[in-house]
Amino acid sequence: MFLSFLFLFLLVSATSASRNHLGIPKSNALVTVKAFDLGSLTVVNSSQIAISPVLPGQESVEFPMFAFLVEHQATQKRIMFDLGIRTDVENFVPSLSGIFAAGIYQLRDNKDVTEVLQQAGINLTSIDTVIQSHGHFDHIGDMSKFPNSTKLVIGPGTDTSTYPTDPNAVHLESDFAGHNITELDFTHSKLVWRWTFSGMGVSIWWTHLHMSGHISALARVTPTTFVALGGDTFHHAGQTRPRPELQQNFPCPADLVEELKTSVSTDYFWSPDSHIGSFDIHSRTQPMLAISNLPGSVEQLPAIAQVSLDKIATFDADPDVLVVISHDISHRGNLPTYPASLNDWKAKNYKEKTVWNFANKSNLAFRFDVVA
Ligand SMILES: *[C@@H]1O[C@H](CO)[C@@H](O)[C@H](O)[C@H]1NC(C)=O
Ligand SMILES: *[C@@H]1O[C@H](CO)[C@@H](O)[C@H](O)[C@H]1NC(C)=O
Ligand SMILES: *[C@@H]1O[C@H](CO)[C@@H](O)[C@H](O)[C@H]1NC(C)=O
Ligand SMILES: *[C@@H]1O[C@H](CO)[C@@H](O)[C@H](O)[C@H]1NC(C)=O
Ligand SMILES: *[C@@H]1O[C@H](CO)[C@@H](O)[C@H](O)[C@H]1NC(C)=O
Ligand SMILES: [Zn+2]
């Protein structure tokens, strides 16, 4: 679940005011983005490794695993952004398979992405490139199931050591063998736009994130709208919301404002206009949840990860960017999945309709009150 972070841009055309402040370069390339929901990874009794605070009764946390098919509209060239988890977890390196055997990581409804693609009629030989947001086991799938012709793109500094040659490694040789691997290189800049797949019109923006080698992608789906594939820049929508700019552009619906007064525990959450037993969301200027900085945190460098999160929050507040991270359970059941595309998210008001779902007490993402 982790990384340094890089935005991969599939771009276009004129820069509007909002484009300028986001620093998105011009491009004429458009892509189509289709999501797959590959099931859930639940962290049992250990949600403190990813989320803070953990309220009584909220010790476990369920993470869906989304993967994305990105198709260049002009050429139909296909890439996958992330692959979810392999299904044969017993074949992970022992340190990892042991966590599954102990029941701390539990899988539900999980699917192998290569089987899902083939069932959808997508020949694996047509997947030109797999981009892995980072090297964690719940993103890298099983590359040995892709033909050797499928290329692999990884972020700068990704650890490519393999087990058992390196007994501490978490990758297997089969995670890399046979594929042309490009490790993106941002040595000369901390914040830079780059063209990597010139044919695809993909450029990349890198900032340092929560695990060495973490990258994110920004897909231009219409000349003026984008889908940001955020990987593990955060794990729960409450880690980036609310913030003042988001409250301005996507005001919390009145009935939810009312519900939040009593659904949120004021023992754990507060804001300037809150009263004991009556939480006020309007005056909350910082996200409800923080990333974890406890020992065992999924974040390699929590302080740096927080900065990257603040950066992606700018995208999250923007009316023209839909931010979709790998594990946001508030999208479960709402996010259109293959064969539907995400491209018309703005025309369909998807963001207005869903951006506050995480705070709805009937949503699976809700974790702002004690569970008796
Ligand atoms: C989680 O905690 C519950 C309640 O304490 C316990 O019954 C269960 O065995 C724990 N599960 C794991 C995997 O630690
Ligand atoms: C996939 O494409 C390859 C190469 O174009 C072809 O040889 C193979 O038969 C195709 N597989 C299926 C299941 O269509
Ligand atoms: C694919 O790569 C693997 C690992 O390098 C190799 O063993 C295998 O022969 C290759 N397959 C083909 C069809 O070239
Ligand atoms: C690997 O892919 C890159 C980018 O497409 C290409 O420039 C390079 O020649 C390839 N390397 C090999 C060994 O095929
Ligand atoms: C919470 O979500 C449910 C299910 O989608 C919906 O029926 C309800 O109106 C929502 N509540 C609020 C306060 O938005
Ligand atoms: Zn993850």
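Parameters at a glance
Residues numbered from 1 in each chain as written. Chains lettered and ligands numbered in written order. Predicted model: local features only at pLDDT ≥ 70, side-chain atom pairs only at ≥ 80, totals over all residues. Heavy atoms only, no water. Helix = DSSP H or I, 4+ residues; strand = E, 2+ residues; numbered from the N terminus. Buried < 20%, exposed > 50% of the residue type's maximum accessible area, 1.4 Å probe, protein only. Areas by Shrake-Rupley, 256 points an atom, 1.4 Å probe, with all protein chains shown as cover. Near = heavy atom within 4 Å. Polar contact = N/O pair within 3.5 Å; in protein donor to acceptor, adjacent residues only side chain to side chain. Phe/Tyr/Trp six-rings, centres within 6.5 Å; stacked < 30°, edge-to-face > 60°. Core = buried A, V, L, I, M, F, W, Y, C linked by side-chain atoms within 4.5 Å. Donors = N, O, S within 2.8 Å, 3.2 Å for Na, K, Ca; no water. Tetrahedral: all angles 85-135°; square planar, octahedral: opposite > 155°, others 65-115°. Expected span 1.5 Å × (residues − 1). Pairing = 2+ DSSP bridges. Axes fitted to C-alpha atoms, helices over the stretch in contact; angles between N-to-C directions. Salt bridge = Lys/Arg side-chain N within 4 Å of Asp/Glu carboxyl O.

A.B. asks: How should the overall build of the protein chain be read in this particular structure?
C.D. replies: When helices and strands are counted, the protein chain shows seven helices and 15 strands. Looking at the 372 residues of the protein chain, the share that counts as buried comes to 58%. When the accessible area of the protein chain is evaluated, it comes to approximately 14500 Å², of which 53% is carbon and sulfur surface.

A.B. asks: Looking at this structure, how should I read the site of ligand 5?
C.D. replies: The environment of ligand 5 is formed by D255, L256, E259, N360 and S362. Here an oxygen atom of ligand 5 and a side-chain polar atom of N360 are 2.3 Å apart. Side-chain polar atom of S362 to an oxygen atom of ligand 5: 3.3 Å apart, as the coordinates give it. Protein coverage of the free-state accessible area of ligand 5, which is 360 Å², stands at 43%.

A.B. asks: Please explain the environment of L260 as it appears in this structure.
C.D. replies: Mapped onto the fold, L260 is located in helix α5 (residues 254-263). On the accessibility criterion, L260 (1% relative accessible area) is buried. Remark: the alpha-carbon pair of L260 and K361, spanning 101 residues in sequence, is separated by 8.2 Å.

A.B. asks: I'm lost on the packing of aromatic side chains in this one. Help?
C.D. replies: We describe a pair of aromatic rings using the distance from one ring centre to the other and the angle between the two ring planes. Throughout the structure, instances matching the rule amount to ten aromatic pairs. Here F269 and F368 contribute two aromatic rings whose centre-to-centre distance is 5.4 Å and whose plane-to-plane angle is 80°, an arrangement assigned as edge-to-face. Within this pair, whereas F269 is found in the loop between α5 and α6 (302-317), its partner F368 is found in the segment after α7 (350-354), the two being separated by 99 residues in sequence. Taking 6.0 Å as the distance between ring centres and 80° as the angle between the ring planes, the aromatic pair formed by F358 and F368 counts as edge-to-face. Linking F358 in the segment after α7 with F368 in the segment after α7, this pair joins segments that are ten residues apart in sequence. Across the pair, exposure class does not vary: F358 and F368 are buried alike.

A.B. asks: Please clarify how unusual backbone geometry should be interpreted in this entry.
C.D. replies: Excluding glycine, most residues fall at negative phi; most peptide bonds, likewise, are trans. Cis peptide bonds are those with omega within 30 degrees of zero, and the linkage from R241 to P242 qualifies with -5°. With respect to the helices and strands, P242 occurs in the loop between β14 (225-231) and α4 (244-249). Residue Y338 is joined to P339 through a cis peptide bond whose omega torsion reads 10°. Its location among the elements puts P339 in the loop between β15 (321-325) and α7.

A.B. asks: Before we go on, may I ask you to explain the nonpolar core in this structure?
C.D. replies: Membership of the largest hydrophobic core comes to 41 residues, with the highest contact counts inside it found for F100, M288 and W356. Going through the elements one at a time, β2 (31-43), β3 (61-72), α2 (94-101) and α5 are the ones with two or more residues in this core. Listed in part, the 24 residues of the second largest apolar core include I79, I215, L229 and L342.

A.B. asks: What exactly am I supposed to notice about the coordination of the zinc ion (ligand 6) here?
C.D. replies: Six octahedral donors around a metal ideally subtend angles of 90 or 180 degrees, whereas four tetrahedral donors ideally subtend 109.5 degrees. Surrounding the zinc ion (ligand 6) are the protein donor atoms D138 (OD), H139 (NE2), D232 (OD) and H327 (NE2), which sit 2.1 to 2.3 Å from the metal. One way to put it: the four donor atoms around the zinc ion (ligand 6) meet at angles of 83 to 160°, and that makes the site irregular. Each donor residue of the zinc ion (ligand 6) lies on the same chain, and together they follow the pattern D-H-x92-D-x94-H.

A.B. asks: Would you mind showing me how to read α6 here?
C.D. replies: Given 3.6 residues per turn, any residue in an α-helix points the same way as the ones three and four places further on. Over its 16 residues, α6 extends 22 Å from the first C-alpha to the last, a length consistent with the 22 Å expected when each residue adds 1.5 Å. Along α6, the positions that sit buried rather than exposed are A305, S308, L309, I312, A313, F315, D316 and A317.

A.B. asks: Could you clarify how one ought to interpret the pairing of β3 in this entry?
C.D. replies: Residues in a regular strand point their side chains to alternate faces of the sheet. Across the twelve residues that make up β3, a large majority, twelve, are buried. Here eleven bridges tie β2 to β3, and the two strands are oriented antiparallel to one another. Directly across from A35, in β3, lies its bridge partner F68. Both β3 and strand β4 (residues 78-81) contribute to a ladder of four bridges, which runs antiparallel. By the bridge assignment for β4, E71 is matched with R78. Hairpin remark: β3 followed by β4, antiparallel, with five residues in the connecting loop; positive phi at Q76, about 65°.

A.B. asks: Just to check I follow, could you spell out the environment of S263 for this structure?
C.D. replies: Secondary-structure assignment places S263 in helix α5. Residues S263 and D369, 106 residues apart in the sequence, show an inter-C-alpha distance of 6.7 Å.

A.B. asks: Quick question: what am I supposed to make of the sheet that holds strand β6 (residues 127-131) here?
C.D. replies: The pairing of strands in a sheet happens through backbone hydrogen bonds and is either parallel or antiparallel. Pairing in this open sheet of seven strands is mixed, and the strands run β5-β2-β3-β4-β6-β7-β10 from one edge to the other. The strands lining the two open edges of the sheet, one partner per strand, are β5 (105-108) and β10 (181-183). Pairwise comparison of adjacent strand axes, ignoring direction, gives a mean angle of 25° for this sheet. Judged from the three bridges that link them, β6 and strand β7 (residues 151-154) form a sheet pairing that is parallel.

A.B. asks: Looking at this structure, I do not really get the pattern of salt bridges. What am I missing?
C.D. replies: Working definition: two side chains of opposite charge can pair if their charged atoms are close together. Counted under the stated rule, the structure contains 15 salt bridges. For D88, the salt bridge identified is with R86, shortest N-O distance 2.7 Å. Each member of the pair, D88 together with R86, is buried. With a closest N to O distance of 2.4 Å, K346 and D320 form a salt bridge. Here K346 is found in the loop between β15 and α7, whereas its partner D320 is found in the loop between α6 and β15, with 26 residues between them in sequence. Residue class for D320 comes out buried when judged on its relative accessible area of 12%. Three or more residues joined by partner-sharing salt bridges are found here, namely D37, E62, R108, D109 and R332.

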